[in-house]
Amino acid sequence: LKNIDVCVLGATGIVGREYLRILSNHPYFRVRCVTGRRSVGSKLADTLDEGSDEINLPKHIGNLEILPTDPARVDADLVFSPLPTDVARKTEEEFASAGFTVVTDASPHRMDEDVPLVIPEVNPEALSLIEGQKRKRGWSGAVVATPNCTAVGIVMTLKPLADRFGVENVVGTTLQAISGAGYPGVPSFDMIDNVIPFIENEEEKVAQEANKILSAAHRIPFGITTTRVPVISGHTASLHVELARSATPEEIKEVLASFTGAPQKLRLPTAPERPIIVREEVARPQPRVDRGAGSVPGMSVVVGRVRAGMSASHVQYVVVSNNTVRGGAGGAVLTAELMVEEGIA
Ligand SMILES: NC(=O)c1ccc[n+]([C@@H]2O[C@H](COP(=O)([O-])OP(=O)(O)OC[C@H]3O[C@@H](n4cnc5c(N)ncnc54)[C@H](OP(=O)(O)O)[C@@H]3O)[C@@H](O)[C@H]2O)c1
C-alpha cells in the first residue's frame, strides 16, 4: 500500500465514474476529493444515484462533498482530469502551476511538444518530457496526457507490428460507442436505428496522436473514417495495414498476442496480463462481449479476424477496445501507477 491521495476532477461524468470504480479499492491511490461544476455542494453518492449505471462506492468516497474545480480547494498528491475539452486546458494549467501533477483524459494538451502522451505499454519513455515541461513553463506541477479513446486500441496493435515488420500506412473505419461522446451525448433520436458517419476532429486526432506516440522514423499516413454506432461502450475499428515486409496472418497473431510492456514487467496493479487478446472465432471481437476482456476487465484490447490483405505485406483485422476503461480512466490510472514506480509522482 502506497497511500497516495488523489483528486478526480469532473468525477460525476462518464469517465469520472469509471475512475471512482477503479480507485475505490486501489493499492496505491486513495480518492480524497472530487470536483464538478453543476453538482458542487452535493454528496457524491447522491449525485451518482441519478445516473443510469449503478455504482457501488465505499462510504469514505460516497460521502465526499463535491468541490468546485479550483486548485485552492484541492488537497491531493495527484489529480486525474476527465474534464470537458472546453475547460480542460485552462483548468489543468492552473492545477499544474499550483504544483499538482495532472494526468488528463482530455485532448487540449495532448499534442503539446513538451507534454507526454502515454500508453504505458507503448511509450513509457515519453514520461521523461516532464522535467523539461516544468522548466519551460515554470510549473512545480506537470500535465501528462492519455490519448484519444479511439487511438488507444489502434496504436496498441500497431506498436508490435511496427517494431517487428514496420508499418507503411493504415486504412480503416471505426464504429464508436455513444459513451465516447460523454453524457448525454448524441441525441437518441439521431442515434437509434442509425450510423453517424462523422465525428468532429476524430480522424485527425487518431492520425496525429498515433504518430506522436509511435514516433516512427517516418510519419505513418492514416486513411481513417470514424463513425458513431448505437453501442453503449466499446469502440470497434476495422483496419487494413500495409507492412514494410510480408508477414503471414499466423506471424501477425503471434506478434500481437505476445506483446507486453513496462506495466507487465513491473506488475502494476491495473496492468492486464495480456494487453492484446487475439480471438480465433469468425465473429469476434464484438463490443458487447469483449469490452470487459482481460485479467483487469476492460484493460485488454481484443483483436480478431486477422487475415491477409491486398498483398503479402498487407494485413486486415478488427480491434475492440473499452473506451472508458483502457481509453479513459484505466489508461490514466495505469500511467499514474507507472509514474509512481518510476518515482515521478
Ligand atoms: N467518454 C469517453 O469514452 C472518453 C474517453 C477518453 C477521454 N474522454 C475525455 O474525457 C473528458 C470527460 O469525458 P466524459 O465522457 O466523462 O464527459 P461527461 O460525461 O460530460 O462529464 C463531464 C464532467 O465534467 C464536469 N464539468 C463540466 N463542466 C465543468 C466545468 N466547467 N468545470 C469543472 N467541471 C466540469 C461535470 O460535472 P458536473 O456534472 O458537476 O457539471 C462532469 O463530472 C473529455 O475531455 C473527453 O473528451 C472521454
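Scoring rules and cut-offs
Counting starts from 1 at the beginning of each chain's written sequence and moves along it residue by residue. Only residues with pLDDT of at least 70 are given local features in this predicted model, and only at 80 or more are side-chain atom pairs given and counted; all residues enter the totals for whole chains, interfaces and linings. Note that water and hydrogens are dropped before the side-chain values are worked out from all heavy atoms of the structure. All axes here are fitted lines through C-alpha atoms, helices being fitted over the stretch that makes contact, and every angle between N-to-C directions spans 0 to 180 degrees. Going along the chain from the N terminus, every DSSP run of H or I of four or more residues is numbered as a helix, and every run of E of two or more is numbered as a strand. Take the far helix as the reference: if the near one is turned anticlockwise from it by less than a right angle, the crossing is left-handed, and if turned clockwise, right-handed. We call two residues in contact whenever any of their non-hydrogen atoms come within 4.5 Å of each other. Residues are grouped as follows: Ala, Val, Leu, Ile, Met, Phe, Trp, Tyr, Cys and Pro are nonpolar; Asp, Glu, Lys and Arg are charged; all remaining types, including Gly, are polar. We call Phe, Tyr and Trp rings a pair once their centres come within 6.5 Å, taking the six-membered ring for Trp, and we label the pair stacked below 30 degrees between planes, edge-to-face above 60, and tilted otherwise. Relative accessibility thresholds used throughout: buried, under 20% of the residue-type maximum; exposed, over 50%; partly exposed, between the two (1.4 Å probe, protein chains only). Charge over a ring is defined by NZ of Lys or CZ of Arg lying within 6 Å of the ring centre and within 35 degrees of the ring normal. Being paired, for any two strands, means DSSP has found at least two bridges between them.

Draft legend 1. Region of the structure containing the packing of helix H6 (residues 149-164) against helix H9 (residues 249-257). Running from amino to carboxyl end, H6 crosses H9 at an angle of 115°, the nearest separation of the two axes being 9 Å. Read as a crossing pair, H6 and H9 show a hand that is right-handed. Contact residues: Thr-157, Pro-160, Leu-161 and Arg-164 in H6; Ile-252, Glu-254, Val-255 and Leu-256 in H9. Split by residue class, the contact of H6 with H9 holds five nonpolar, one polar and two charged.

Draft legend 2. Fine view of the environment of Asn-194. By the secondary structure assignment, Asn-194 is in the loop between helix H7 (188-191) and helix H8 (202-214). Sequence separation of Asn-194 and His-109 is 85 residues, and the distance between their C-alpha atoms is 33 Å. If sequence neighbours within four positions are ignored, Asn-194 has contacts with Arg-228, Val-229 and Pro-230.

Draft legend 3. Representation of the environment of Asp-105 in the model. In this structure, Asp-105 sits in the loop between strand S5 (101-104) and helix H5 (129-137). The residues contacting Asp-105, other than those within four sequence positions of it, are Val-15, Tyr-19, Ser-81, Pro-82, Arg-110, Thr-146, Gly-328, Ala-329 and Ala-332.

Draft legend 4. The packing of aromatic side chains, seen in detail. All told, the structure shown has four aromatic pairs when counted by the stated rule. The interplanar angle of 75° and the centroid separation of 5.9 Å between the aromatic rings of Tyr-28 and Phe-29 together place this pair among those described as edge-to-face. Classification of Tyr-28 as buried rests on a relative accessible area of 9%. Judged by centre distance (5.4 Å) and plane angle (55°), the rings of Phe-95 and Phe-100 are tilted. Neither residue differs from the other here; Phe-95 and Phe-100 are each classed as buried. Cluster of aromatic residues (ring-pair linked, three or more members): Tyr-19, Tyr-28, Phe-29 and Phe-80. Cation over ring: Lys-2 sits above Tyr-28, and NZ or CZ is 5.0 Å from the ring centre.

Draft legend 5. Structural view of the pairing of strand S6 (residues 142-145). What you see with S6 is no split at all: Ala-142 and Val-144 on one side and Val-143 and Ala-145 on the other are buried throughout. With four bridges connecting them, S5 and S6 associate as parallel partners. For Thr-104, the partnering residue across the bridge sits in S6 and is Ala-145.

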